[in-house]
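One letter stands for each residue in the lines below.
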Amino acid sequence: MWSCSCHCKACQKLSGAPFVSAFSVPSASVEISGETISFTRESDAGNRVRTSSCAHCGTRVFAQSDGAKHLINIFAGTLSDPSGFRPVSNVYLSEAASWIDPPEADFNFPGMPAA
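Residues numbered from 1 in each chain as written. Predicted model: local features only at pLDDT ≥ 70, side-chain atom pairs only at ≥ 80, totals over all residues. Heavy atoms only, no water.

1. With respect to the confidence of the model for the protein
- Per-residue confidence for the protein averages 94 on the pLDDT scale, and 99% of its residues sit at or above 70.
- Across the protein, strand β7 (residues 89-91) holds the top mean pLDDT of 97, while helix α1 (residues 9-15) sits lowest at 93. (pLDDT = per-residue confidence, 0-100. Helix = DSSP H or I, 4+ residues; strand = E, 2+ residues; numbered from the N terminus.)

Below is the structure:
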């Protein structure tokens, strides 16, 4: 449904990287198996965002916002074959690390675009 590279400070801190790339799909189309642990924070819009990681290796797997429970955001780095992934947008470019060039994308936003 949507794919992006997120440059917000929260993603930087949670990942230890200058940005994370993810794609959104309908929550009903995803079945999560295995044990996860979650971290919850508040978004700029005031919604709770839950980021879930594998309880065994710590890899961040997905995130979901209370403001869009019908969607789940899957981190592209968790795909067994990420070659087909292409982010169509960059979000939170206002918080991007000064030492990288953001990946090429069709749309660029200083923050999170309105739904």
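2. Re the pattern of salt bridges
- Tallied over the entire structure, the rule returns 2 salt bridges.
- Here Arg-86 makes a salt bridge to Asp-106, at a shortest N to O gap of 3.0 Å. One end of the pair, Arg-86, is in the loop between β6 (71-75) and β7; the other, Asp-106, is in the loop between β7 and β8 (107-108), and 20 residues separate them in sequence.
- Judged by its relative accessible area of 43%, Arg-86 falls in the partly exposed class. (Salt bridge = Lys/Arg side-chain N within 4 Å of Asp/Glu carboxyl O. Buried < 20%, exposed > 50% of the residue type's maximum accessible area, 1.4 Å probe, protein only.)

3. Considerations on the environment of Ala-55
- Position of Ala-55 relative to the elements: it lies in the loop between β4 (48-54) and β5 (60-65).
- When the C-alpha positions of Ala-55 and Ser-38 are compared, they lie 8.9 Å apart, and in sequence the two are 17 residues distant.

4. Some remarks on the side chain of Ser-3
- Secondary-structure assignment places Ser-3 in strand β1 (residues 2-6).
- Separated by 2.8 Å, the side chain of Ser-3 and the backbone oxygen of Arg-86 make a polar contact.
- A distance of 3.1 Å separates a polar side-chain atom of Ser-3 from the backbone nitrogen of Val-88.
- Not counting the four nearest positions on each side in its chain, Ser-3 is found in contact with Ala-22, Phe-23, Phe-85, Arg-86, Pro-87, Val-88 and Ser-89. (Polar contact = N/O pair within 3.5 Å; in protein donor to acceptor, adjacent residues only side chain to side chain. Contact = heavy atoms within 4.5 Å.)

5. Focus: unusual backbone geometry
- For Tyr-92, which is not glycine, the phi dihedral falls at a positive 60°.
- Along the chain, Tyr-92 turns up in the loop between β7 and β8.

6. Digging into the environment of Ala-22
- Mapped onto the elements, Ala-22 comes out in strand β2 (residues 20-26).
- Counting along the chain gives 11 residues from Ala-22 to Ser-33, while the straight-line C-alpha distance between them is 19 Å.

7. Some words on the nonpolar core
- Of all hydrophobic cores here, the largest spans 11 residues; its members are Cys-4, Cys-6, Cys-8, Cys-11, Val-20, Ala-22, Val-49, Ala-63, Phe-75, Val-91 and Tyr-92.
- Elements with a contribution of two residues or more to this core: β1 and β2.
- Membership of the second largest hydrophobic core comes to 5 residues, among which are Phe-23, Val-25, Phe-62 and Ile-74. (Core = buried A, V, L, I, M, F, W, Y, C linked by side-chain atoms within 4.5 Å.)

8. Thoughts on the packing of aromatic side chains
- Per the counting criterion, the structure on display carries 1 aromatic pair.
- Taken together, a centroid distance of 6.1 Å and an interplanar angle of 45° make the contact between Phe-23 and Phe-85 tilted. Placement of Phe-23 in strand β2 and of Phe-85 in the loop between β6 and β7 is noted, with a sequence separation of 62 residues between them. (Phe/Tyr/Trp six-rings, centres within 6.5 Å; stacked < 30°, edge-to-face > 60°.)

9. Side note on the pairing of strand β3 (residues 36-42)
- As paired elements, β3 and β4 share 7 bridges and run antiparallel to each other. Within β4, the residue paired with Ile-37 across the bridge is Ser-53.
- Counted between consecutive antiparallel strands, the loop separating β3 from β4 contains 5 residues, among which Gly-46 sits at a positive phi close to 90°. (Pairing = 2+ DSSP bridges.)

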